Amino acid sequence: MTNQDTNMDSLEDATPKGPVLVCGGAGYIGSHTVELLERRGVGVVVLDNLKAGHKEAVQAPLEVCDLGDAPGLDRVFAKHKPSAVIHFAALCYVGESVTDPAKYYKENVTNTWELLQAMRRAECRDIVFSSTCATYGEPTEMPIPDGHSQRPINPYGNTKLHMEHMMGDFSRAYGMRFAALRYFNAAGASTQRDIGEDHNPETHLIPLVLQVALGKRDEILMFGDDYDTPDGTCVRDYIHVEDLGDAHLRALVKLQTGTQRLACNLGTGTGFSVREVIEVARKVTGHEIPARVVGRREGDPAMLVSGGTEAKRLLGWEANRGDLESIVSDAWRFLKAHPNGYGK
């Protein structure tokens, strides 16, 4: 999907040209990417409506604005004149997307259209987009290659795929340059600052398991132990949030050096089962962490593991902190310091 190759050595310590506008930069992955941009000396501005993000996670200049506010977006672009955008601002709960798809199409698709239109008006052409492996739906190949067919099975995945298609159309028609990065399971916390994962509600396995160790929950539920996996529980590919941030910087450099569009998976290529995550959490925390098997959840694939190679080929990127114990240890450090979340 690219029209130019960039020397991989130039991406090793990728430093984009700023300023960079990070939409959703007060959220989990966004705040870690902002921290990395600041550490590289790149000018950065955060745009966030703070409905799910946390101002306590942001040290950069913060513009509180909704992506659906076209005049507000125009003011932000005129004030800060960003050279590029990294776009994290979207809703991400699969179950909620099924019960309220209208909300997801408005917040994810319509608001992204507003952002792209604001970029056009400001003549800002480069955007790195937070996509998801949920665009693949029920995988027919495992591990999942970058070129796997995209057939989402829920409105959340549908909206992310619509966003990818919209950026592709804008790229072809208006010369915008975009990167779609399809994440697997983001996890962990910053090794540089006191920032980490704080969702409400929390749905991710690692923080849920650690909440049991903290005494915030009585037990962790395992949804099914009869899958076709080594121990019967679901297997997922966990990627450290700092590795995700690094991939975004590399993708932005790639666009700024001439690549028109690219898409790739971001994962480690290694999967861990629910039981394995719980065992590692017991080791890291020293707590028993009671666990109980209940029925399967509808729509949970047995295994989701990245088999993509495009991130390595295009960006010179691979996960540096892929071992599960490091990921859980970083998450545990943050949650112990913030057992009730930011500012609570």
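Look up a bit, the structure's there.
Residues numbered from 1 in each chain as written. Predicted model: local features only at pLDDT ≥ 70, side-chain atom pairs only at ≥ 80, totals over all residues. Heavy atoms only, no water.

**Q** How would you summarise the overall build of the chain if you had to cite specific residues and measurements?
**A** Helices and strands together make up the secondary structure of the chain, namely 10 helices and 14 strands. For a compact globule of 344 residues, the expected C-alpha radius of gyration is about 20 Å, and the chain comes in at 19 Å, within 12% of that figure. Each principal axis of the C-alpha atoms in the chain carries an extent, and together these give about 55 × 45 × 45 Å. Residue burial in the chain is summarised as follows: out of 344 residues, 55% are buried. Excluding contacts between residues fewer than 6 apart, the proportion of contacts in the chain whose partners are at least 24 apart in sequence is 79%. For the chain, the distance from the average site of its 37 positive side-chain charges to the average site of its 47 negative ones is 5 Å. (Helix = DSSP H or I, 4+ residues; strand = E, 2+ residues; numbered from the N terminus. Rg over C-alpha atoms; globule rule 2.2 N^0.38 Å. Buried < 20%, exposed > 50% of the residue type's maximum accessible area, 1.4 Å probe, protein only. Contact = heavy atoms within 4.5 Å. Lys, Arg positive; Asp, Glu negative; His and termini not counted. Charge placed at Lys NZ, Arg CZ, Asp CG, Glu CD.)

**Q** Lay out the pairing of strand E5 (residues 126-132) in plain terms, naming residues and giving numbers.
**A** Of all seven residues that make up E5, seven are buried, and the element is covered over most of its length. Here E5 shows a buried face lined by Asp126, Val128, Ser130 and Thr132 and a second buried face lined by Ile127, Phe129 and Ser131. Here strand E4 (residues 84-87) runs beside E5; their pairing, made up of four bridges, is parallel. Residue pairing in the sheet places histidine 87 in a bridge with phenylalanine 129 of E5. Relative to strand E6 (residues 177-183), E5 runs parallel, the two being bridged by seven bridges. Counted as the bridge partner of threonine 132 is tyrosine 183 from E6. One crossover worth recording links E5 to the parallel E6 by way of helix H5 (residues 155-174), and it is right-handed. (Pairing = 2+ DSSP bridges. Right-handed = clockwise from strand over helix to strand, strands pointing away.)

**Q** Can you break down the side chain of aspartate 300 residue by residue, with the values?
**A** Mapped onto the elements, aspartate 300 comes out in the loop between strand E13 (291-294) and strand E14 (303-304). Side-chain polar atoms of aspartate 300 contact the side chain of arginine 297, separated by 2.9 Å. Each residue touching aspartate 300, except ones within four places of it in the same chain, is listed here: Tyr227, Cys234 and Arg236. (Polar contact = N/O pair within 3.5 Å; in protein donor to acceptor, adjacent residues only side chain to side chain.)

**Q** Mind laying out unusual backbone geometry, listing which residues take part and the relevant values?
**A** Following glycine 18, the chain continues to proline 19 via a peptide bond in cis, the omega torsion being -5°. In this fold, proline 19 is placed in the segment before strand E1 (20-23). Here the residue pair methionine 142 and proline 143 is connected by a cis peptide bond, since its omega of 0° sits within 30 degrees of zero. Relative to the elements of secondary structure, proline 143 occurs in the loop between E5 and H5. Even without being glycine, glutamate 123 reaches a positive phi, approximately 60°. Note on placement: glutamate 123 falls in the loop between helix H4 (101-122) and E5. Given a relative accessible area of 75%, glutamate 123 falls into the exposed group. The backbone of isoleucine 289 shows a phi angle near 55°, a positive value even though the residue is not glycine. Along the polypeptide, isoleucine 289 turns up in the loop between helix H8 (274-285) and E13.

**Q** Describe the sheet that holds strand E2 (residues 44-48), and please don't skip the residues or the numbers.
**A** One open sheet holds the seven strands; their spatial order is E3-E2-E1-E4-E5-E6-E11, and the pairing between them is parallel. Bordering the open sheet on either side are strand E3 (62-64) and strand E11 (261-266), each of which pairs with just one other strand. Averaged over neighbouring strand pairs, the angle between their axes works out to 20° when direction is ignored. Helix H7 (residues 241-256) rests against E1, E4, E5, E6 and E11 of the sheet, and its axis sits at about 160° to E6. (Axes fitted to C-alpha atoms, helices over the stretch in contact; angles between N-to-C directions.)

**Q** Which residues make up the state of the cysteines, and what values go with them?
**A** By the definition in use, this model includes zero disulfides. Left unpaired, cysteine 92 is separated from the closest cysteine sulfur, that of cysteine 133, by 12 Å. (Disulfide = S-S within 2.5 Å.)

**Q** Residue-level account of the sheet that holds E14, with values.
**A** Sheet architecture is open: three strands sit in the order E12-E9-E14, paired in mixed fashion. Both outer strands of the open sheet, strand E12 (272-273) and E14, are each paired with one neighbouring strand and no more. Bridge analysis of strand E9 (residues 235-236) against E14 gives two bridges, and the strand direction is parallel. Counted as the bridge partner of arginine 236 is leucine 304 from E14.

**Q** Can you explain H4? Please cite residues and give values.
**A** Because an α-helix completes one turn every 3.6 residues, residues spaced three or four positions apart along the sequence face the same direction. For H4, with 22 residues, the first-to-last C-alpha span of 31 Å sits near the 32 Å given by 1.5 Å per residue. Of all the bends in H4, the largest measures some 25° and sits at asparagine 111. Among the residues making up H4, those that are buried are Tyr104, Asn108, Val109, Asn111, Thr112, Glu114, Leu115, Leu116, Gln117, Ala118 and Met119. For H4, the elements touching its buried residues are E1, helix H2 (70-80), E4, helix H3 (94-99), E5 and H5. Glutamate 123 sits one or two residues past H4 and shows a positive phi near 60°. (Expected span 1.5 Å × (residues − 1). Bend = angle between axes of the 7 residues up to and from the residue.)

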